Structure formats: structure tokens, C-alpha cells
Amino acid sequence: MAELTGLNTRLDWIKGMRLIVRRVKPSGRQMRDMTDFEKKTGWKYSITATNITKMTRVRGSHQAQWLDAVHRKHAVVEDHVRTNKAMGLHNLPSKSFTINRAWMLTANLACDLDAWLRLLTLHDQDGLADAEPETMRFRIYHLPARLAAHARRRWLWIERTWPWADAFTTAWTRITDLAAVT
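Only a predicted model underlies this, so the values are computations on that prediction, with no experimental measurement involved.

Chemist: An account of helix α5 (residues 165-177) is requested, with residue identities and associated values reported.
Modeler: An ideal rise of 1.5 Å per residue puts 18 Å on 13 residues; α5 measures up with 18 Å between its terminal C-alpha atoms. Those residues of α5 lying buried are Ala165, Ala167, Phe168 and Ala171. All buried residues of α5 lie within an arc of 165° about the axis, which places them on one face of the element. The exposed residues of α5 that point more than 90 degrees off its buried face are Asp166 and Asp177.

Structure, rendered in C-alpha cells:
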């Protein structure tokens, strides 16, 4: 990580803009978006431009590492945007603002329910604690089971060969054991 403030030669940038550059090994997903220079060196560079020089009463806020940590923390927000798009916000269904507003509310509720389910019930399950929505759909939500009624009770018959049956039953038990809101 390095600070490039003062080395910027572009005339159209704001004077005094603070530039922080970070060099990381690229992931497989980043390989296709790399520049020729990055492909040649084998490193992925990300530059953060900010006008924060020092925040009053915040120790260490003048250091480049502090600014890098602030901007990396914001990456969590961007990840939630990607998750929301996977849960239905990618394509809005109508040209009507009212219908799209209802769709957006429903998609955000689905994303929140997915996050809370993973946080409260699947936090110790390998491959499900931080699973993407597509993985959750395949393993938990699209349940190969039958719901049957007998003697005034409902029974859920889960396929015995399904590999995530234990994860589903653990999640179901933990959800039903939560205390009721009073």
C-alpha cells in the first residue's frame, strides 16, 4: 500500500485529492478485468481517491492504512448490493413505479430473511454460513420433500439421500427454538 498524493499529473482532478493505492494478488474473477500492465506484473492495483486528510478526534485517521481499512469496510456494502441483485433486484418486472417499488421491497425482505437465516441457524454449517443466494436456493430452499397431513398433524418427509437434510433439520430446529418476540 502506498500514498500517491501529489504525484497525480492529471489537470482535471481536484487539487489536493488524496490517492491511496493497494496491490493484491488477483482472484480468478479479477483476471479477465486486468490491464496489460497488471497482467505483466501479476498484481491487481486498486486506487482509492478521497479528500479525507485527517478527521478531528479520530486517532490514526491521517495514515493511509486507516483510509484503506475504511474503504475495504465499504466493500461489504457492495457485496450486499450484489446479493440483492441475485435475490431479484437485477430485473424489475414493470414500467410502473408502484409495482417496481413493491418488487424492490419484496426482494429486500427476501435478502434480509436469507441473511438472518444464515446468521441464526447456519452459522456453523460448512459451505452454508457464507453461501451465495444460488447455493442457498439449491441446498436449502428447493427442498426435495413432501408435505403430508395425517391425524390433524403435518409431516414433512425429506428425501433420505439428500446431502443437506441434516443442515435443513438443524436450521428448522434452531428457528423453532427461538424465543417468541413479546
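Chemist: Run through the nonpolar core, naming residues and quoting values.
Modeler: Counting residues in each nonpolar core, the largest one holds eleven residues, listed as Leu117, Leu122, Leu128, Ala131, Met136, Ile140, Trp162, Ala165, Ala167, Phe168 and Ala171. Those elements that provide at least two residues to this core are α4 (133-141) and α5. When residues no more than four places from it in sequence are discounted, the contact partners of Ala131 are Arg118 and Met136.

Chemist: Please provide a residue-by-residue account of the sheet that holds strand β1 (residues 2-3), values included.
Modeler: The strands that make up a sheet pair up through hydrogen bonds in the backbone, lying either parallel or antiparallel. Ordered in space as β1-β2-β3, the three strands form an open sheet in which the pairing is antiparallel. The sheet is open, and its two edges are formed by β1 and β3 (44-50), each paired on a single side. Bridge count between β1 and strand β2 (residues 18-24): two bridges; the pairing is antiparallel. From the neighbouring strand, Glu3 faces β2, where its bridge partner is Ile20.

The rules behind the values
Residues numbered from 1 in each chain as written. Predicted model: local features only at pLDDT ≥ 70, side-chain atom pairs only at ≥ 80, totals over all residues. Heavy atoms only, no water. Helix = DSSP H or I, 4+ residues; strand = E, 2+ residues; numbered from the N terminus. Expected span 1.5 Å × (residues − 1). Buried < 20%, exposed > 50% of the residue type's maximum accessible area, 1.4 Å probe, protein only. Arc of directions from axis to C-beta. Core = buried A, V, L, I, M, F, W, Y, C linked by side-chain atoms within 4.5 Å. Contact = heavy atoms within 4.5 Å. Pairing = 2+ DSSP bridges.

Read these as spatial facts, not as claims about activity.
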